[in-house]
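Each chain, letter by letter, is given below.
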Amino acid sequence: MSASAAAIEAEGLHKTFGSIHAVDGIDLALQPNRVYGLLGPNGSGKTTLIRLIAGLARATAGEARILGTRMPSRPMLRRIGYMPQAEALYPELSVRENVAFFARLEGAVSNDAIDRVLELVELGDRRGTPAMHLSGGMRRRLSLACTLVHEPPILFLDEPTVGVDPALRVQFWAHFRRLAAAGTTILVASHVMDEADRCDELLFVRSGKVIARGTPTELRQGAGTTDLEAAFLHYAGLDAEGRPLVASEP
Ligand SMILES: Nc1ncnc2c1ncn2[C@@H]1O[C@H](COP(=O)(O)OP(=O)(O)OP(=O)(O)O)[C@@H](O)[C@H]1O
Ligand SMILES: [Mg+2]
């Protein structure tokens, strides 16, 4: 075990897929009680980074640690909640059976905990509905319930609110903030700038590297703007209309 207080660490993390450097040398130390936002263009490496840290993919070089333990580590999986970008639900199982299935994977989870998490995502009255009969946003909510049910201290959320309506999105974020206040470490990838603004710190990923890190205010200041969307374009190397600032090589 490392003596570090960081909940999530990465050192020289690399992942290549053939000639693609999906994660290209990332160092991180993320602390409990905080929500970290992972921003960056499509294909910049956010999902790959999360999967490496969560121990779901093997690094080409470097290492990731969770609570001081080198990943991948099977025992650590119980301490992690991972909400994938592409949800992994069992379409024929009901809402409640899906959550109970994930809960069982994680060991002893009470029926009360399952009911609480279904209330949280407002699927209590759909507990008997097969997952395949849910709407897209409801499936996202169910996926979040499966991620949270065992109350893990480390949460990886890969675009958790895509397709979730604004009212519930606000409630999700209030819950994420409560979890962080209670000691959870949260790393959340998002393309939604008002969500980014709710994070304690942002990590901007471009071409597999973290090219900027700071509070939302610091990132805005670093980009010379008061608008987070404009800051996103700045760090992505794009002009105000989304065109590359530097002509790409022929
Ligand atoms: N299993 C894989 N096999 C081959 N290439 C992959 C694989 N997974 C990811 N990649 C590539 O790695 C790069 C990073 O992909 P990744 O999914 O991490 O991006 P992302 O930042 O999460 O994008 P998005 O915002 O679209 O979710 C992309 O070029 C992608 O095509
Ligand atoms: Mg992704």
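Look a little higher up for the structure.
Residues numbered from 1 in each chain as written. Chains lettered and ligands numbered in written order. Predicted model: local features only at pLDDT ≥ 70, side-chain atom pairs only at ≥ 80, totals over all residues. Heavy atoms only, no water.

Peer 1: Honestly, the site of ligand 1 in this entry has me stumped. Any pointers?
Peer 2: Residues in close proximity to ligand 1 total 14 residues, the closest being Gly43, Lys46, Thr47, Thr48 and His191. The separation between an oxygen atom of ligand 1 and a polar side-chain atom of Lys46 is 2.7 Å. For ligand 1, whose accessible area on its own is 640 Å², the fraction buried by protein is 62%. Elements supplying a minimum of two residues to the shell around ligand 1: β2 (20–30) and α1 (46–53). Considering each element in turn, the shell around ligand 1 owes the most residues, three residues, to α1. Tallied by class, residues from the shell around ligand 1 come to four nonpolar, eight polar and two charged. (Near = heavy atom within 4 Å. Polar contact = N/O pair within 3.5 Å; in protein donor to acceptor, adjacent residues only side chain to side chain. Areas by Shrake-Rupley, 256 points an atom, 1.4 Å probe, with all protein chains shown as cover. Helix = DSSP H or I, 4+ residues; strand = E, 2+ residues; numbered from the N terminus. Nonpolar A, V, L, I, M, F, W, Y, C, P; charged D, E, K, R; others polar.)

Peer 1: I tried to follow the coordination of the magnesium ion (ligand 2) on my own but got confused; where do I start?
Peer 2: Working reference: metal with six octahedral donors, ideal angles 90 or 180 degrees; metal with four tetrahedral donors, ideal angle 109.5 degrees. Taken together, Thr47 (OG1) and Gln85 (OE1) make up the protein donors of the magnesium ion (ligand 2), found 2.0 to 2.2 Å from the metal. Separated by 38 residues along the polypeptide, Thr47 in helix α1 and Gln85 in the loop between β6 (80–83) and α2 (95–105) bring together distant segments of the chain. The exposure class assigned to Gln85 is partly exposed, which follows from its relative accessible area of 39%. (Donors = N, O, S within 2.8 Å, 3.2 Å for Na, K, Ca; no water. Buried < 20%, exposed > 50% of the residue type's maximum accessible area, 1.4 Å probe, protein only.)

Peer 1: When you look at the layout of surface pockets in this model, what are you seeing that I'm missing?
Peer 2: Where empty space is left in the structure can be found by rolling a water-sized probe over the atoms. Estimates place the volume of the largest pocket at around 460 Å³. Around the largest pocket, the lining is made up of 18 residues, and of these Ile80, Tyr82, Phe102, Leu105 and Glu106 lie nearest the centre. Where the lining of the largest pocket is concerned, the elements lending two or more residues are β6, α2 and α4 (136–148). Grouping the constituent residues of the lining of the largest pocket by class yields eleven nonpolar, four polar and three charged. For the second largest pocket, the calculated volume is near 270 Å³. Looking at the second largest pocket, it is lined by 13 residues, and the ones nearest its centre are Val117, Leu148, Glu151, His175 and Leu179. Broken down by secondary-structure element, the contributors of at least two residues to the lining of the second largest pocket are α3 (111–120) and α5 (166–181). Per-element tally for the lining of the second largest pocket: the top contributor is α3, with four residues. Along the lines of polarity and charge, the residues of the lining of the second largest pocket split into nine nonpolar, two polar and two charged. (1 Å grid on protein atoms, 1.4 Å probe; cavity = no way out; pocket = protein on both sides within 12 Å on 5 of 7 lines; lining within 4 Å. Points joined across faces, edges and corners; volume = space filled by probe spheres on them.)

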